[in-house]
Amino acid sequence: MKPIHIGESVALGIEVKLPKTTLLVITTDKGYIMCGALDVGLLNERLGDRQIVAARAVGVKTLDELLSAPLESVTHTAEDFGIIAGMVGEEALIRMM
């Protein structure tokens, strides 16, 4: 875990080394972005009532890559925050602050 400075705010970066993969998450008080392990469809369809603000980037291997990668998919609630697919991770986190 490490602090991720975004403007004047700080998010929390979490990197979990697993066998043959690494789980990457950067979280704020309102939501999070994550590597390709995130199942946005599940969050939208099965857990939609929770109104989770989350987005996913694929093909990233580090927290820095997660910040700069375009988002592949976002939850419906993230869209309510102005977060859209194609936006880079850092811009989404700014909207989650």
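A few points on the structure. (Residues numbered from 1 in each chain as written. Predicted model: local features only at pLDDT ≥ 70, side-chain atom pairs only at ≥ 80, totals over all residues. Heavy atoms only, no water.)

The next point concerns the nonpolar core. Counting 31 residues, the largest nonpolar core has Ile26, Ile33, Leu71 and Ile83 as its most contacted members. When residues of this core are traced back to their parent elements, those giving at least two are β1 (2–6), β3 (21–27), β4 (31–34), α1 (40–45), β5 (53–56), α2 (63–68) and α4 (89–96). Beyond its immediate chain neighbours, meaning those up to four positions away, Ile83 contacts Val53, Leu71, Val74, Ala78, Ala92, Arg95 and Met96. (Core = buried A, V, L, I, M, F, W, Y, C linked by side-chain atoms within 4.5 Å. Buried < 20%, exposed > 50% of the residue type's maximum accessible area, 1.4 Å probe, protein only. Helix = DSSP H or I, 4+ residues; strand = E, 2+ residues; numbered from the N terminus. Contact = heavy atoms within 4.5 Å.)

Glancing now at the environment of Glu91. Relative to the assigned elements, Glu91 resides in helix α4. On the basis of relative accessible area, Glu91 is assigned to the partly exposed category, the value being 34%.

With respect to topology, 6 strands assemble into an open sheet ordered β1-β2-β3-β4-β5-β6, the strand pairing being mixed. The open sheet has two edge strands with one neighbour each: β1 and β6 (73–74). One ladder, built from 5 bridges, connects β1 with strand β2 (residues 9–18); its direction is antiparallel. Note that in β2 the partner of His5 across the bridge is Val10. α4 contacts β1, β3, β4 and β5 of the sheet and is inclined by roughly 170° relative to β4. (Pairing = 2+ DSSP bridges. Axes fitted to C-alpha atoms, helices over the stretch in contact; angles between N-to-C directions.)

Our next topic: the pattern of salt bridges. This model, assessed by the stated rule, comprises 3 salt bridges. Residue Glu15 pairs with Lys17 through a salt bridge whose shortest N-O separation is 3.3 Å. (Salt bridge = Lys/Arg side-chain N within 4 Å of Asp/Glu carboxyl O.)

As a general feature of sheets, a regular strand has side chains that alternate between the two faces. Where β3 lies against β4, 3 bridges are found, and the strand directions are antiparallel. Its bridge partner being in β4, Val25 is matched across the sheet by Met34. The hairpin turn running from β3 into β4, its antiparallel successor, is 3 residues long. With 4 bridges connecting them, β4 and β5 associate as parallel partners. Note on β5: the bridge partner recorded for Tyr32 is Ala54. The parallel pair β4 and β5, bridged by α1, forms a crossover whose chirality is right-handed. (Right-handed = clockwise from strand over helix to strand, strands pointing away.)

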